[in-house]
Amino acid sequence: MMSDSKDLPDFFENSPVDPVRSATGKPSAGPAKLKKKAGFYLSLQLIERFDRKFHELKLAGAAIDNKSNLLEAALAFALDDLDRGERSQVLKRL
């Protein structure tokens with residue numbers, strides 16, 4: 001016999017009970033960062049170089065979860081460099 005739907009928990013309801021913590025005894029990872037897929041055209045040579053470097057870093061034991069995380073770190077680094085203005089290495093390469 002099916003249970004009454006009133007007895008079933010609503011997992012989408014805001015609740016002080018964390019289902020991950022309840023099930024595993026460990027805190028959940030926290031809120032995920034909002035992400036959006038981006039489309040850019042890159043040279044085949046650059047894509048191959050990026051893929052090769054990602055795999056080299058993984059084989060060397062670097063703590064990189066996926067290519068998106070590596071690309072985010074590299075892009076953040078480049079944007080920080082661009083903030084340096086005339087001293088920017090990125091601007092010198094353009």
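The structure we're discussing is the one just above.
Residues numbered from 1 in each chain as written. Predicted model: local features only at pLDDT ≥ 70, side-chain atom pairs only at ≥ 80, totals over all residues. Heavy atoms only, no water.

### Structural notes on helix α3 (residues 67–82)
Working step 1: Over its 16 residues, α3 runs 22 Å from end to end, which matches the ideal 22 Å to within 8%, given 1.5 Å per residue.
Working step 2: Here α3 starts with a cap whose side-chain oxygen sits 3.1 Å from the backbone nitrogen of S68, and that cap is N66. (Helix = DSSP H or I, 4+ residues; strand = E, 2+ residues; numbered from the N terminus. Expected span 1.5 Å × (residues − 1). Polar contact = N/O pair within 3.5 Å; in protein donor to acceptor, adjacent residues only side chain to side chain.)

### With respect to a nonpolar patch on the surface
Working step 1: Side chains of L75, L79, L82, L91 and L94 sit close together on the surface and give an oily, nonpolar patch of about 490 Å² of accessible area.
Working step 2: Ranked by residue count, the leading element in the nonpolar patch is α3, at three residues.
Working step 3: Positionally, L75 belongs in helix α3. (Patch = residues over 30% accessible without salt bridge, like charges linked within 9 Å, V, L, I, M, F, W, Y side chains within 5 Å. Areas by Shrake-Rupley, 256 points an atom, 1.4 Å probe, with all protein chains shown as cover. Salt bridge = Lys/Arg side-chain N within 4 Å of Asp/Glu carboxyl O.)

### Remarks on the pattern of salt bridges
Working step 1: Here the structure, examined in full by the defined rule, presents four salt bridges.
Working step 2: The salt bridge partner of E72 is K35, with a shortest N-O separation of 3.0 Å. Of this pair, E72 sits in helix α3 while K35 sits in the loop between α1 (19–24) and α2 (44–59), and the two are 37 residues apart along the sequence.
Working step 3: Overall, K35 belongs to the exposed group, its relative accessible area being 51%.
Working step 4: Between D51 and K67 there is a salt bridge; the shortest N-O distance is 2.8 Å. (Buried < 20%, exposed > 50% of the residue type's maximum accessible area, 1.4 Å probe, protein only.)

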